[in-house]
Amino acid sequence: TKKIAANANADKIRVLGFRDDALEIVKSSHVCMQTSYKNEGLSRSTVEAMCLGAVPIVTNAGGNAELVKDGECGLVVPVKNAPQMAAAIQQLYHNPNILQQYSVAALQRIRTHFSVEQTVEKTMDIYTNLLNKQQ
């Protein structure tokens, strides 16, 4: 709270605390951001936001760049680059047609490349291949 109080935009920052309606908040959002600066796997929060129609803006850290096809279903920016992150937000803010196009494409990408069924199938393939190599 000290950092918020010291921020020039403190009056615009809201700390929501624990919420049991987080999905409703995401549904009402146009954009989701994942600002990771070190490698990480696929971000579940980004996947969930894409399923709810939010357009992802992510850094190119780890699996996020695999999840989000830059310029097709969201935007990918370099890590630790606040000016490009801000430019991505402004690009979507000033282009509602692109925002809508990316929103539809984001949900489609999840359905066609990251569904639960595909994840289970790919995981089973990995285990099957490992077992076959041991025999």
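Bear in mind the structure is a predicted one, so any value in this text is a computation, not a measurement.

Colleague: Just checking my understanding: could you explain the environment of Leu131 for this structure?
Modeller: Its location among the elements puts Leu131 in helix H7 (residues 116-134). Assessed through its relative accessible area of 49%, Leu131 is described here as partly exposed.

Colleague: Would you take a moment to explain the side chain of Asn64 for this structure?
Modeller: Positionally, Asn64 belongs in helix H4 (residues 64-67). Setting aside residues no more than four positions away along its own chain, Asn64 makes contact with Gln34, Ser36, Glu40, Gly41, Leu42, Ser43, Val58 and Thr59.

Colleague: Even after reading the chapter, I still don't get the nonpolar core, so can you show me in this structure?
Modeller: Side chains that are nonpolar tend, in soluble globular proteins, to be buried together. Judged by nonpolar contacts, Val47, Met50, Val58, Leu67, Val68, Cys73, Val76, Ala106, Ile110 and Phe114 together constitute the single largest core of 10 residues. Those residues in contact with Met50, other than ones at most four positions away along the chain, are Pro56, Leu67, Val68, Cys73, Ala106, Leu107 and Ile110. Ranked by size, the runner-up nonpolar core spans 9 residues in total, among them Ile57, Leu75, Leu92 and Leu99.

Here is what the cut-offs are and how they apply
Residues numbered from 1 in each chain as written. Predicted model: local features only at pLDDT ≥ 70, side-chain atom pairs only at ≥ 80, totals over all residues. Heavy atoms only, no water. Helix = DSSP H or I, 4+ residues; strand = E, 2+ residues; numbered from the N terminus. Buried < 20%, exposed > 50% of the residue type's maximum accessible area, 1.4 Å probe, protein only. Contact = heavy atoms within 4.5 Å. Core = buried A, V, L, I, M, F, W, Y, C linked by side-chain atoms within 4.5 Å.

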